[in-house]
Amino acid sequence: MIDTYHKIIEKRGYVELPVPGDIDFKSEIFRLKKEKNAVILGHYYIIPELQDLSDFLGDSLALAQAAQSTQADIILFVGVHFMAETAKILNPGKKVLVPDMKAGCSLADSTPGPDFERFVKQHPDHVVISYINCSAEVKALSDVIVTSSNAKKIVDSFPKDQKIIFAPDKNLGNYLNSVTGRRMLLWDGACMVHEKYSLEKILDLKKEHPDAELISHPECEKPILLVSDFIGSTTTLLNYVSVSQAIKFIVATESGILHQMKQKCPDKIFLPAPSIDATCGCNDCSFMKLNTLKKLYLALLYEQPEILMEEEMIVKAKKPILRMLELSK
Ligand code: 13P
Ligand code: SF4
């Protein structure tokens, strides 16, 4: 049976088998979760319905910490592949499931392991700092991992004259270079969501709403960051909207975060930053949006797709993640 599941997952990304038409996915998910001692970890970019259903919701750093400390037997990770892989690396004794194996990440995909290995070998005097949005293979080639919420602190922890490779996000790397005064060597990767914002349309929207603050994720391109009123990781942006005096915000990050912002500040107004092509829904991460209620149910029912990793890779990739967690304290 497992072989049949694997064939379906390879083709579709998840085990799609017929389910009774009258099934109540939410109550079935709660039942299966209890029966199997499972926990649902969700990222801020997933659809609101799944955010509300998650036992723990957070940014990539908080989710890694939650995965490391959970007592559950099964982790159902509702986000993208590299996040679930990180959960498995940190807590390999747990069964880590994902709703859809095809939920990847353009940043992680922009750094194939063998290419990165060659690049690292060409610069033996450089320390390698990698953003968590990368594969286990790339993590294993890194000295330390960062997320957008601890990147500056970790880069600052190295001596000023230390040569550094930063991968895979060139936009976050450029931003870090500007706030730390470094000249880190950058890998040429980018996020397909955050590089699609239109400066022209954002400036028009700012003119239309002069009282609005533009708040941006550091994965955005430099021209957007230069006109931003505030820059931060998803959690930092979420905290900022409640402490800021402003009542209106133009939000330049994935649209899923707006759900939490509206819940936190129901009296404030949140406008998604416009992207180059208004018809393409570019502020949505198509990978994050592959997660659906039905797929969560199927994953818990069949305990598939499961993140499986070689022990050797877990050991190699764990070291730089643990170093990050230590440095984030
Ligand atoms: P956070 O670290 O802010 O959760 O960002 C994750 C991500 O994928 C941004 O695109
Ligand atoms: Fe990757 Fe961008 Fe999606 Fe984040 S928003 S998961 S960086 S593709």
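Model, not experiment: these values are computed from the prediction.

Q: Hey, could you go over the pattern of salt bridges for me, with residue numbers and the actual values?
A: Summed over the entire model, instances satisfying the criterion amount to 19 salt bridges. Across the pair K163 and D125 runs a salt bridge whose closest N-O atoms are separated by 3.0 Å. Note that K163 is positioned in the loop between helix 9 (151-156) and strand 7 (164-167) and D125 in the loop between helix 7 (113-122) and strand 5 (127-131), a separation of 38 residues in sequence. A salt bridge links E254 to K289; the nearest nitrogen and oxygen atoms lie 2.8 Å apart. Placement of the pair is E254 in the loop between strand 11 (248-252) and helix 14 (257-264) and K289 in the loop between strand 12 (269-272) and helix 15 (293-302), with a sequence separation of 35 residues. For E254, a relative accessible area of 0% translates into the label buried. Of the residues examined, K289 reaches a relative accessible area of 23% and is grouped as partly exposed. Salt bridges sharing common partners tie together R12, E16 and K294.

Q: Which residues make up the pairing of strand 3 (residues 74-78), and what values do they have?
A: Judged by how many residues are buried, strand 3 sits mostly within the fold: five of five residues are covered. Going residue by residue along strand 3, you find I74, L76 and V78 tucked away on one face and I75 and F77 tucked away on the opposite face as well. Note that strand 3 and strand 4 (residues 95-97) share three bridges and pair parallel. Across the sheet, I75 pairs through a bridge with V96, a residue of strand 4. Note that the unit made of strand 3, helix 5 (residues 81-90) and strand 4 has a crossover that is right-handed.

Q: Can you break down the site of ligand 1 residue by residue, with the values?
A: If you check the shell around ligand 1, you find H43, Y45, D59, S60, Y131, N133, S148, H194, H217, E219, S233 and T234 and nothing else. In this structure, an oxygen atom belonging to ligand 1 sits 3.1 Å away from a side-chain N or O atom of S148. E219 is positioned such that a nitrogen or oxygen atom in its side chain is 3.0 Å from an oxygen atom of ligand 1. Relative to its unbound accessible area of 300 Å², ligand 1 is 96% covered by the protein chains. Taken together, the residues of the shell around ligand 1 sort by class into two nonpolar, eight polar and two charged.

Q: I'd like a rundown of the pairing of strand 11, residues and numbers included.
A: With respect to burial, strand 11 is a largely interior element, five of its five residues being buried. Residues K248, I250 and A252 of strand 11 are buried on one face, and the alternating residues F249 and V251, pointing to the opposite face, are buried as well. Strand direction decides the pairing type here: strand 9 (residues 212-216) and strand 11, joined by five bridges, are parallel. In the strand pairing of strand 11, L214 is matched with I250. Bridge analysis of strand 11 against strand 12 gives four bridges, and the strand direction is parallel. Bridge pairing in strand 12 links K248 to I269. In this region the chain leaves strand 11, passes through helix 14 and returns to the parallel neighbour strand 12; the handedness of that crossover is right-handed.

Q: Can you break down the site of ligand 2 residue by residue, with the values?
A: The immediate surroundings of ligand 2 are formed by Y45, V80, C105, S106, L107, N133, C191, V193, E219 and C285. Looking at the shell around ligand 2, its residues break down into seven nonpolar, two polar and one charged.

Q: I'd like a rundown of helix 16 (residues 311-327), residues and numbers included.
A: Over its 17 residues, helix 16 extends 25 Å from the first C-alpha to the last, a length consistent with the 24 Å expected when each residue adds 1.5 Å. Burial in helix 16 covers these residues: I314, A317, P320, I321, M324 and L325. Taken together, the buried residues of helix 16 touch helix 4 (60-69), helix 5, helix 8 (136-140), strand 6 (144-146) and helix 9.

Q: Which residues make up helix 14, and what values go with them?
A: An α-helix turns once per 3.6 residues; consequently, residues spaced three or four apart project the same way. By the burial criterion, the buried members of helix 14 are I257, L258, H259, Q260 and M261. Looking at the buried positions of helix 14, the neighbouring elements they touch are helix 3 (48-53), strand 2 (56-58), strand 9, helix 13 (234-243), strand 11 and strand 12.

About the thresholds
Residue numbers here run from 1 along each chain, matching the order of that chain's written sequence. Chain letters start at A and ligand numbers start at 1, both assigned in the order the entries are written. Totals for whole chains, interfaces and linings use all residues, but because this is a predicted model, local features are given only for residues with pLDDT of at least 70 and pairs of side-chain atoms are given and counted only at 80 or more. To get the side-chain values, all heavy atoms of the structure are used, and hydrogens and water are removed first. Here, a salt bridge means any Lys or Arg side-chain nitrogen found within 4 Å of an Asp or Glu carboxyl oxygen. Secondary structure elements follow DSSP: runs of H or I no shorter than four residues count as helices, runs of E no shorter than two count as strands, and numbering proceeds from the N terminus. Throughout, exposure labels follow a simple rule: accessible area from a 1.4 Å probe, protein chains only, divided by the maximum for the residue type, with under 20% read as buried, over 50% as exposed, and the rest as partly exposed. Strands qualify as paired when DSSP identifies two bridges or more between them. For a crossover, the right-handed case is the one in which the path from the first strand over the helix to the second runs clockwise, viewed with the strands pointing away from the viewer. In this text, near means that some heavy atom of the residue lies within 4 Å of the molecule or strand in question. Pairing of N or O atoms within 3.5 Å defines a polar contact, subject to two protein rules: one partner must be a possible hydrogen donor and the other a possible acceptor, and residues neighboring in sequence count only if both atoms are side-chain atoms. Shrake-Rupley sampling with a 1.4 Å probe provides the accessible areas, and residues are treated as covered by the protein chains on show and by no other component. Under this grouping Gly is polar, as are all residues other than the nonpolar Ala, Val, Leu, Ile, Met, Phe, Trp, Tyr, Cys and Pro and the charged Asp, Glu, Lys and Arg. Here a helix's expected span is defined as the number of its residues, less one, multiplied by 1.5 Å. Contacts are assigned to residue pairs with any non-hydrogen atoms lying within 4.5 Å of each other.

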